[in-house]
Amino acid sequence: GGAARARDRSLVLCCAGFERESVTRLCSHRLSFLSSPSHGGAARAMAQALLKECDRLCKKQKLSRSQQLEHVSHIALLIANAKEEVSALGGAGARDGGDAMEVDGAQESTVPATQEALARLREGVTAAAAAMGDTKESLSAVAKLGKMVDKTMPPDLGKAVTPVKMDPTLVNKAVLDHLLRTGKLDVARTLAEEAGEELDEDSIRPFADMVAVTESLKRRELGPAREWAARNAAGLEAIGSDVGFGIVRMEYLQLVKEGKVVDAVRHARGSFDRYMPARLREVQRLMGCLAFVGRLDTSPYASFFDEGEWDRLSQRLAGDGSRLLGLPRDLPLGVCVEAGVKALPSLLKFASVMQGRIGEWGSKTALPVEIDLGPERKYHSVFVCPVSREQASADNPPMMMQCGHVLCEHSLKKVSRGAARFKCPYCPVEVSVHGSTRLHL
């Protein structure tokens, strides 16, 4: 959290006056998470750079301490010399004078010399103190180290997020859905029992079948997938799935890869007919592979035999299986994590600019900055009002006027100025607020 991160930064900065061994020991302990093999080369490089900067700062501090000790010794020597000089002047005056009057006169004659000695002492001490107080270089090195610590240490995610109250029942259901769809059936049963959620074996069976099929694909076995596609042929056709063609396609490619040309042709004649003519172009390309048997790696069809084809088939099968069960293709928790990972850098930067005022928007339904999650995460249309340049929302929906142009509701009311009828800002047609139609995105 923030306290731990601040403590790490303070500890590293305080090491400026410590020995190299202390700095290395502290940084090695606190940066072990970056230097471990599980992290990438960039993280390890950042850790090593921070250790080098600590080493450089320690050397500068050692040099600064030795220079300050030299200045202190020089000041002590100046004081001792001035003391001896003043004492010598006082003794000489006492020896030269006979009676009291002569002594006073001799002491008065030594005053200028004493003042001159004190002036030299003052100048020497002032120069040495100024040299001791020149810490600009040290402070610059400490500031540089602080910036590196802020860049290297894990960020305080608490600055970018605010606590959100969520319904425990909905959270449990989301976690159960994730566990079932990822094959963690035993864990899902345990969670349902401990959380008091209903989870019978009939609801688990479809997920168990999907897990068995995906596991068989990992072993490069297509039999279970073929049987599953045959059992669910009607449902797969209803949702427009191409998993069935993907399975027979993979069976054909495996026969071609093994050099079984006759079996591959027999399989193509018996399996591809039902997908014609919609798949004619792709079937033609698949049949072209037969001309390159024995040298498929250098053929124009080498991409057909990439190992990644198995993973893509497994993903399509899992996604279409979820759609058959009335579930979204992507895992909801996975989408949340992906969106959070993409949004956190922008939110952290926004939080640093706002200086702790992030709570002002924490209770709102919209984020304060635009987050691009990619085209695959756009689930509905978006409308931006041409007048206010704001995106439409549930509180400010798009409204279509009688002329066909669309504005957000707030802009529509602002443009009308309370009048029963007004002219559209984009055409000469007169329209009204009450006659406008709300659009649902």
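Just so you know, these numbers come straight off a predicted model, no measurement behind them.

## Quick word on the nonpolar core
Ranked by internal contacts, the top residues of the largest apolar core, which has 18 residues, are Phe245, Tyr252, Val256, Phe272, Leu286, Phe304 and Phe305. Contributing elements (two or more residues each) for this core: helix H12 (243-257), helix H13 (261-271) and helix H14 (280-288). Here this core takes six residues from H12, the largest share from any one element. Once you skip the residues sitting within four places of it in the chain, Val256 turns out to touch Ala264, Cys289, Leu290, Val293, Leu296 and Phe305. By size, the runner-up hydrophobic cluster in this structure holds 14 residues, among which are Leu217, Trp228, Trp310 and Leu313.

## Let's talk about the sheet that holds strand E5 (residues 437-438)
Pairing between the strands of a sheet is mediated by backbone hydrogen bonds and can be parallel or antiparallel. Taken together, three strands build an open sheet; the order of strands is E2-E1-E5 and the sheet is antiparallel. On the outer flanks of this sheet lie strand E2 (406-408) and E5, each paired with one strand and no other. Here strand E1 (residues 398-400) runs beside E5; their pairing, made up of two bridges, is antiparallel. Note that in E5 the partner of Met399 across the bridge is Arg438. Against the sheet, helix H18 (residues 409-416) engages E1 and E2, with an angle of about 95° to E2.

## A few points about the packing of helix H9 (residues 201-218) against helix H10 (residues 223-231)
At their nearest, the axes of H9 and H10 sit 8 Å apart, and the two run at 140° to each other. Comparing the axis directions of H9 and H10 gives the class oblique. Here the hand of the crossing between H9 and H10 comes out left-handed. Here Met210, Val213, Ser216 and Leu217 of H9 come into contact with H10, specifically with Pro224, Ala225 and Trp228.

## Some words on helix H15 (residues 308-324)
Its 17 residues place the ends of H15 24 Å apart at the C-alpha level, agreeing with the 24 Å of an ideal helix rising 1.5 Å per residue. Residues of H15 that are buried include every one of Gly308, Glu309, Trp310, Leu313, Ser314, Leu317, Gly319, Asp320, Gly321 and Ser322, and no others. Packed against the buried residues of H15 are helix H7 (168-181), H9, H10, helix H11 (233-238) and H12. Immediately beyond the C-terminal end of H15, within one or two residues, lies Gly326, with a positive phi of roughly 80°.

## Focus on the side chain of Ser416
Tracing the backbone shows Ser416 in helix H18. Beyond its immediate sequence surroundings of up to four residues, Ser416 is in contact with Phe422 and Val433.

## Side note on the environment of Leu439
With respect to the helices, strands and loops of the structure, Leu439 is situated in the segment after E5. Here the alpha-carbon distance between Leu439 and Phe383, two residues 56 residues apart in the chain, equals 9.9 Å. Residues in contact with Leu439, not counting those within four places in the same chain, are Pro398, Met400 and Val406.

## Examining a nonpolar patch on the surface
There is a patch of nonpolar side chains on the surface, built from Val164, Met166 and Val171 and spanning about 300 Å² of accessible area. In this structure, Met166 sits in the loop between helix H6 (136-152) and H7. Given a relative accessible area of 61%, Met166 falls into the exposed group.

Quick notes on the rules
Residues numbered from 1 in each chain as written. Predicted model: local features only at pLDDT ≥ 70, side-chain atom pairs only at ≥ 80, totals over all residues. Heavy atoms only, no water. Core = buried A, V, L, I, M, F, W, Y, C linked by side-chain atoms within 4.5 Å. Buried < 20%, exposed > 50% of the residue type's maximum accessible area, 1.4 Å probe, protein only. Helix = DSSP H or I, 4+ residues; strand = E, 2+ residues; numbered from the N terminus. Contact = heavy atoms within 4.5 Å. Pairing = 2+ DSSP bridges. Axes fitted to C-alpha atoms, helices over the stretch in contact; angles between N-to-C directions. Parallel < 35°, antiparallel > 145°, perpendicular 65-115°, else oblique. Left-handed = near helix turned anticlockwise from the far one by under 90°. Expected span 1.5 Å × (residues − 1). Patch = residues over 30% accessible without salt bridge, like charges linked within 9 Å, V, L, I, M, F, W, Y side chains within 5 Å. Areas by Shrake-Rupley, 256 points an atom, 1.4 Å probe, with all protein chains shown as cover. Salt bridge = Lys/Arg side-chain N within 4 Å of Asp/Glu carboxyl O.

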